[in-house]
Amino acid sequence: MLKQEVSLLQVELESFKTENDMLRAGQSASLGAVQQNVDVALQNLHRVIANAHLSIKQLVSGTEMLHFVADLLKSIDKISEVKKEDDG
């Protein structure tokens, strides 16, 4: 009776060892998939950063252009005022 229990426990132990090995192999595969997902996410993040940087440059350029136009309009307004004084 005791020999049967020992034998049964040994079979269970082997089964658990096999299951453990399979779980470890699956975990390795899962880690590989996670690493691949991290790589893709990192590439996407770099693209987003590059696009954001470009957008910021375009906004700064646009702001500089608007300041230039505002200064130009001020100059035109001053020229108009001087011309009115000369004509008046």
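Right above here is the structure, for reference.
As a starting point, this report considers the structure included with it. Quick caveat, the model's predicted, so the values are computed rather than measured.

What follows is about the pattern of salt bridges. In this structure the tally under the stated criterion is one salt bridge. Residue Glu14 is joined to Lys17 by a salt bridge in which the shortest nitrogen-to-oxygen separation is 3.8 Å. With a gap of three residues between them, Glu14 and Lys17 both fall in helix 1 (residues 2-87), about one helical turn apart. With relative accessibility at 44%, the residue Glu14 sits in the partly exposed group. Under the relative-accessibility criterion, Lys17 is labelled partly exposed at 42%.

This part takes up the environment of Gln36. With respect to the helices and strands, the residue Gln36 is situated in helix 1. Under the relative-accessibility criterion, Gln36 is labelled exposed at 54%. Between the C-alpha atom of Gln36 and that of Leu54, which follows or precedes it by 18 residues, the distance is 27 Å.

With respect to the secondary-structure elements, Lys83 resides in helix 1. On the basis of relative accessible area, Lys83 is assigned to the exposed category, the value being 54%. A C-alpha to C-alpha distance of 18 Å links Lys83 and Asp71, two positions 12 residues apart in sequence.

Cut-offs and rules
- Residues numbered from 1 in each chain as written.
- Predicted model: local features only at pLDDT ≥ 70, side-chain atom pairs only at ≥ 80, totals over all residues.
- Heavy atoms only, no water.
- Salt bridge = Lys/Arg side-chain N within 4 Å of Asp/Glu carboxyl O.
- Helix = DSSP H or I, 4+ residues; strand = E, 2+ residues; numbered from the N terminus.
- Buried < 20%, exposed > 50% of the residue type's maximum accessible area, 1.4 Å probe, protein only.

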